[in-house]
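A structural walkthrough
The residues making up each chain are set out below.
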Amino acid sequence: MLESLMNLLSLCFRPFSNDSAGGSGSNGAVADAVGRDGLLWFRDFGRCAAGEFSMAVIQANQVLEDQSQIESGPFGTFVGVYDGHGGPDAARFVCDHLFPRFQAISAQYGGIVTAEIIRRAFLQTEEEFIAHVGELWNVQPSMATVGTCCLVGVVYQQTLFVANLGDSRAVLGKKVGSTGGVAAIQLSTEHNANIDEIRHELKDLHPDDPEIVVLKHGVWRVKGIIQVSKSIGDAYMKHEEYNREPISAKFRLPQPMHMPYMSANPTILTHQIHPNDSFVIFASDGLWEHLSNEQAVEIVHDHPPAGSAKRLIKAALQEAARKREMRYSDLRRIDKKVRRHFHDDITVIILFFNRDLISRGSRLDYSVSVRSALEH
C-alpha cells in the first residue's frame, strides 16, 4: 500500500505538458491558469469566499456527461459536481437550475442557509426537470432515461453542508495535531446498490418486490438496470407514465410501478468547520474508481494547492493505465468514446479553507462563478 502511494505521488509531481501555464512563478505568485490539454479542462487556482479552489475535468465519453460549478458571493461558497448518465442533458439542466433555485429559496428566508433550504432546492430542480421531460415526451422520449448524480457543498459562515444523490464523493483532509500528517474523512453518503446498506434500504422500501435489486454481470443494480438509487432525472424509474414505449426496451419494466424505484431526496451532512480542517475534495465516482480517499488526500496534502485538481486526475489516469498494463502516455493518446473503456469522465473540485475569510463572511466580496466546459 505504501509503495503504491509513493509511486502515485512521484508520478503526480511531474506536470501535464502545459503545466507551465499554471502553478507558482519564480516570484512565488500563484497563477490563475485556465485552459485545456487534450481532453482535460482545468482551472488551476482561484479564490472564493471560503478560501481557494482548484478545478479540473477529463472527458472519456463521446459527449462529456460530467458538469460542475463553483459559485461564491456574500452568502458563502457553493460547489456542485453533477455526474450524468444516459447523456449530458440532466447534468447540464442541474448546472443551469440548481444554484439559482438554492439562491431564490435562501432569499425567501433572509439569505440564510440550512439543510432544509438545500433539500428544497434539490427537490424543486427535480420537479422542473421531470416537467421538462413531459414537455419533450412526444419529440424526445429518451429524455426520460437521462439522469444525474448530484454532489453539492455549501460553506455558510462556519458551517459546511454536503448534500448528495448518487455515488460522487466529498472527502475532507484534516490535519492531525502537530504531526504534519493528514486524515481522510468521507463526508458524503453514497447511494449505490453495490453497498450493502443501500440494498437493505431498497428492500425495506419495496418488501413485496423480490427484484428491487438484481445482481447482473457481477454488479448489483436497481431493477437490474441502474446502480445508483438516487438522482435527479431518470423519470422512467420514478413515474410509470414514462416507463413505456417509445423509450428503449432495455429501460421498460414488465410489472406496474406502484411507487418510485429511485429518489431525488438528498442525504445532507452538516459539518462545523474546525481549525484543523484543511480542504475538501469533491469528485465524481470516476476518480474514486482508481484512488482511495487516503491516496487522494495525501496527494493534495503533499503538493501546493495550485493545480491540485489536475494532479488528482493525472494520478487516477496513471492508475487506470497501470490496471490495463499500458503506459500513461499511450492512454493519453486514446480518443474520447474509446477512452471510456479505460476510465470514466472525471470531475474534481478541491476547496481549500481559509479560516480568516470564512470568519469575515459577507464583509468581503469574493464573487466567483465558474463552470467547467460544456463540451470538448
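The structure displayed is predicted, hence computed values, not measured ones.

This part takes up the overall build of the protein chain. Counting secondary structure elements, the protein chain contains 9 helices and 18 strands. Looking at the 376 residues of the protein chain, the share that counts as buried comes to 56%. Of all intrachain contacts in the protein chain linking residues separated by at least 6 positions in sequence, the fraction that spans at least 24 positions is 68%. For the protein chain, the accessible area works out to roughly 16,100 Å², and carbon and sulfur atoms hold 50% of it.

Across the interface, helix H6 (residues 293-301) lies against helix H7 (residues 308-323) with an axial gap of 10 Å and an inter-helix angle of 135°. One way to sum up the angle between H6 and H7 is to call them oblique. In this structure, H6 crosses over H7, and the sense of that crossing is right-handed. Every residue of H7 that contacts H6 at Ala296, Ile299 and Val300 is listed here: Arg311, Leu312 and Ala315.

Looking now at the packing of aromatic side chains. A ring pair, where both rings are aromatic, is described by two values, the distance of the centres and the angle of the planes. Counting across every chain of the model gives 9 aromatic pairs. Aromatic rings pair up to connect Phe75, Phe78, Phe99 and Phe102 into one cluster.

What the 7 strands build is an open sheet, ordered E3-E4-E5-E17-E16-E10-E11; its pairing is antiparallel. Each edge of the open sheet carries a strand with a single partner, namely strand E3 (34-37) and strand E11 (181-186). With direction set aside, neighbouring strand axes in the sheet form an average angle of 15°. Sheet analysis places strand E10 (residues 169-176) next to strand E16 (residues 277-283), joined by 6 bridges and oriented antiparallel. Note that in E16 the partner of Arg169 across the bridge is Ala283. Packed onto the sheet, H6 meets E10, E11, E16 and strand E17 (346-353) and runs at close to 135° relative to E11. Set on the sheet, H7 makes contact with strand E4 (40-48), strand E5 (51-58), E16 and E17; between it and E17 the angle comes to about 140°.

Moving on, we get to the pairing of E11. Alignment of E10 against E11, held across 6 bridges, turns out to be antiparallel. Across the sheet, the residue bridging to Gly173 is Ala184, located in E11. The loop that links E10 with its antiparallel partner E11 comprises 4 residues; one of these, Gly177, has a positive phi angle of about 50°.

Our next topic: the packing of helix H2 (residues 89-108) against helix H3 (residues 115-136). At a minimum axis distance of 8 Å, the contact between H2 and H3 shows a crossing angle of 135°. When the axis of H2 is compared with that of H3, the two are oblique. As H2 runs across H3, the sense of the crossing is right-handed. Note on element contacts: H3 touches H2 through Ile117, Ile118, Arg120, Ala121, Phe122, Gln124, Thr125, Glu128, Phe129 and His132, opposite Asp89, Ala90, Phe93, Val94, His97, Leu98, Arg101, Phe102, Ile105, Ser106 and Gln108. Among the residues forming the contact of H2 with H3, the class breakdown is 11 nonpolar, 6 polar and 4 charged.

Before going further, it helps to examine helix H4 (residues 196-205). Structurally, the α-helix is built with 3.6 residues per turn, so residues lying three or four positions apart point the same way. Where H4 is concerned, the buried positions are Ile198, Arg199 and Leu202. Seen end-on, H4 carries its buried residues on one side only, within an arc spanning 100°. The outward face of H4, more than 90 degrees from its buried face, is lined by the exposed residues Glu197, His200 and Asp204. Buried-residue contacts for H4 involve strand E12 (213-216) and strand E13 (219-222).

Glancing now at unusual backbone geometry. A cis amide bond, omega 10°, links Glu245 with the succeeding residue Pro246. Among the secondary structure elements, Pro246 is positioned in the loop between strand E14 (232-233) and strand E15 (267-272). Backbone geometry at Glu325 places phi at a positive 55°, although glycine is not the residue there. When its relative accessible area of 77% is taken as the criterion, Glu325 is described as exposed. One non-glycine residue with positive phi stands out, namely Lys337, at about 80°. Tracing the sequence through the fold places Lys337 in the loop between helix H8 (328-332) and E17.

A separate point is the confidence of the model for the protein chain. Chain-level pLDDT for the protein chain is 90 on average; 89% of the residues reach the 70-or-more range. Between residues 1-30, whose pLDDT stays under 50, and residues either more than four places distant or in other chains, the model counts 48 contacts.

Reading the values: the criteria
Residues numbered from 1 in each chain as written. Predicted model: local features only at pLDDT ≥ 70, side-chain atom pairs only at ≥ 80, totals over all residues. Heavy atoms only, no water. Helix = DSSP H or I, 4+ residues; strand = E, 2+ residues; numbered from the N terminus. Buried < 20%, exposed > 50% of the residue type's maximum accessible area, 1.4 Å probe, protein only. Contact = heavy atoms within 4.5 Å. Areas by Shrake-Rupley, 256 points an atom, 1.4 Å probe, with all protein chains shown as cover. Axes fitted to C-alpha atoms, helices over the stretch in contact; angles between N-to-C directions. Parallel < 35°, antiparallel > 145°, perpendicular 65-115°, else oblique. Left-handed = near helix turned anticlockwise from the far one by under 90°. Phe/Tyr/Trp six-rings, centres within 6.5 Å; stacked < 30°, edge-to-face > 60°. Pairing = 2+ DSSP bridges. Nonpolar A, V, L, I, M, F, W, Y, C, P; charged D, E, K, R; others polar. Arc of directions from axis to C-beta. pLDDT = per-residue confidence, 0-100.

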